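Observations on the model geometry
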Amino acid sequence: MKRLKVMVFLCLLLILCLAGCIKKKSDRPEMNIDFVQGKNGESFKKMDGTYQYTFSVEDDDYYDVGISVTKESGSLSVTITRDEDGKKIYTGTDLPTSEFTVHADEVGHYKVLFTADNFVGDYSCDLSHGTN
């Protein structure tokens, strides 16, 4: 009987340990970033995965979403979506080195999703708030 209790205890302990090792899927996007040397010795980020920014537009407001991309290699995509209806106000795939602005003036919550696939370079996302 004592041996049975020890076996049950060890099995439960093993189950708890294994449950703690299982990686849970997060709702939050994740971006893996490493640093690499560029062709001319400059330092760049190597990115894989996704990263998300959010913002809200209220009555009589707007945001200009400024995006800047410096690309050495790989692929970087950007999608700007309004949550309420899933309306995409911008989609760009395999973006080159560039700077541009996307205007968001409809009331709602927005997501700016960056997706990197072996992307070497850098990017930025700046929000400028204004009122109509």
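Residues numbered from 1 in each chain as written. Predicted model: local features only at pLDDT ≥ 70, side-chain atom pairs only at ≥ 80, totals over all residues. Heavy atoms only, no water.

**Re the overall build of the chain**
Helix and strand counts for the chain come out as 1 helix and 6 strands. Overall, the chain shows an N-to-C arrangement of helices and strands of α-β-β-β-β-β-β. Looking at the chain as a whole, 27% of its 132 residues are labelled buried. Nonlocal contacts in the chain, meaning residues at least 24 apart in sequence, comprise 70% of its contacts between residues at least 6 apart. Accessible area of the chain: about 9200 Å², with a carbon and sulfur share of 53%. (Helix = DSSP H or I, 4+ residues; strand = E, 2+ residues; numbered from the N terminus. Buried < 20%, exposed > 50% of the residue type's maximum accessible area, 1.4 Å probe, protein only. Contact = heavy atoms within 4.5 Å. Areas by Shrake-Rupley, 256 points an atom, 1.4 Å probe, with all protein chains shown as cover.)

**Describing the pattern of salt bridges**
Scanning all chains against the criterion turns up 6 salt bridges. Salt-bridge contacts for Asp122 lead to Lys45; the nearest nitrogen and oxygen are separated by 3.5 Å. Residue Asp122 is located in strand S6 (residues 108-131), and its partner Lys45 is located in strand S2 (residues 43-57); the two are separated by 77 residues in the primary sequence. Judged by relative accessible area, which is 28%, Lys45 ranks as partly exposed. A salt bridge links Glu106 to Lys87, with the nearest nitrogen and oxygen atoms 2.6 Å apart. With a gap of 19 residues between them, Glu106 in the loop between strand S5 (98-104) and S6 and Lys87 in strand S4 (residues 87-92) connect regions that are remote in the sequence. When its relative accessible area of 31% is taken as the criterion, Glu106 is described as partly exposed. Salt bridges sharing common partners tie together Arg82, Asp85, Lys87 and Glu106. (Salt bridge = Lys/Arg side-chain N within 4 Å of Asp/Glu carboxyl O.)

**Considerations on the nonpolar core**
Generally speaking, soluble globular proteins have nonpolar side chains that are buried together. Among the nonpolar cores identified, the biggest contains 21 residues, and Phe55, Val65, Ile80, Val112 and Phe114 are the most heavily contacted of them. Within the residue set of this core, elements represented by two or more residues are S2, strand S3 (61-82), S5 and S6. (Core = buried A, V, L, I, M, F, W, Y, C linked by side-chain atoms within 4.5 Å.)

**Some thoughts on the packing of aromatic side chains**
As enumerated under the stated definition, the model contains 6 aromatic pairs in all. Summarising the aromatic geometry, the rings of Tyr51 and Tyr53 are spaced 5.2 Å apart at their centres and angled 70° between planes, so their arrangement reads as edge-to-face. Judged by relative accessible area, Tyr51 falls into the partly exposed class, the value being 35%. Relative to Tyr110, the ring of Phe55 lies with its centre 5.1 Å away and its plane at 5°, an arrangement referred to as stacked. On the criterion of sequence distance, the pair formed by Phe55 in strand S2 and Tyr110 in strand S6 is long-range, its members being 55 residues apart. Classification of Phe55 as buried rests on a relative accessible area of 7%. Through a chain of ring-to-ring contacts, the aromatic side chains of Tyr51, Tyr53, Phe114 and Tyr123 assemble into a single cluster. (Phe/Tyr/Trp six-rings, centres within 6.5 Å; stacked < 30°, edge-to-face > 60°.)

**Considering the environment of Thr70**
In this structure, Thr70 sits in strand S3. Look at Thr70 and you get partly exposed, because its relative accessible area is 34%. Placed 28 residues apart in sequence, Thr70 and Ser98 show a C-alpha to C-alpha distance of 6.7 Å. With near-sequence residues (within four places) excluded, Thr70 lies in contact with Phe44, Thr97, Phe119, Val120, Gly121 and Asp122.

**Side note on the environment of Ser75**
Structurally, Ser75 is set in strand S3. Beyond its immediate sequence surroundings of up to four residues, Ser75 is in contact with Asp94, Thr115, Ala116, Asp117, Asn118 and Phe119.

**Some thoughts on the side chain of Asp61**
Note that Asp61 resides in strand S3. The charged side chain of Asp61 is buried without a salt bridge, its nearest counter-charge being Arg82 at 13 Å. Within the structure, the side chain of Asp61 is placed 3.4 Å from the side chain of His129, a separation counted as a polar contact. (Lys, Arg positive; Asp, Glu negative; His and termini not counted. Polar contact = N/O pair within 3.5 Å; in protein donor to acceptor, adjacent residues only side chain to side chain.)

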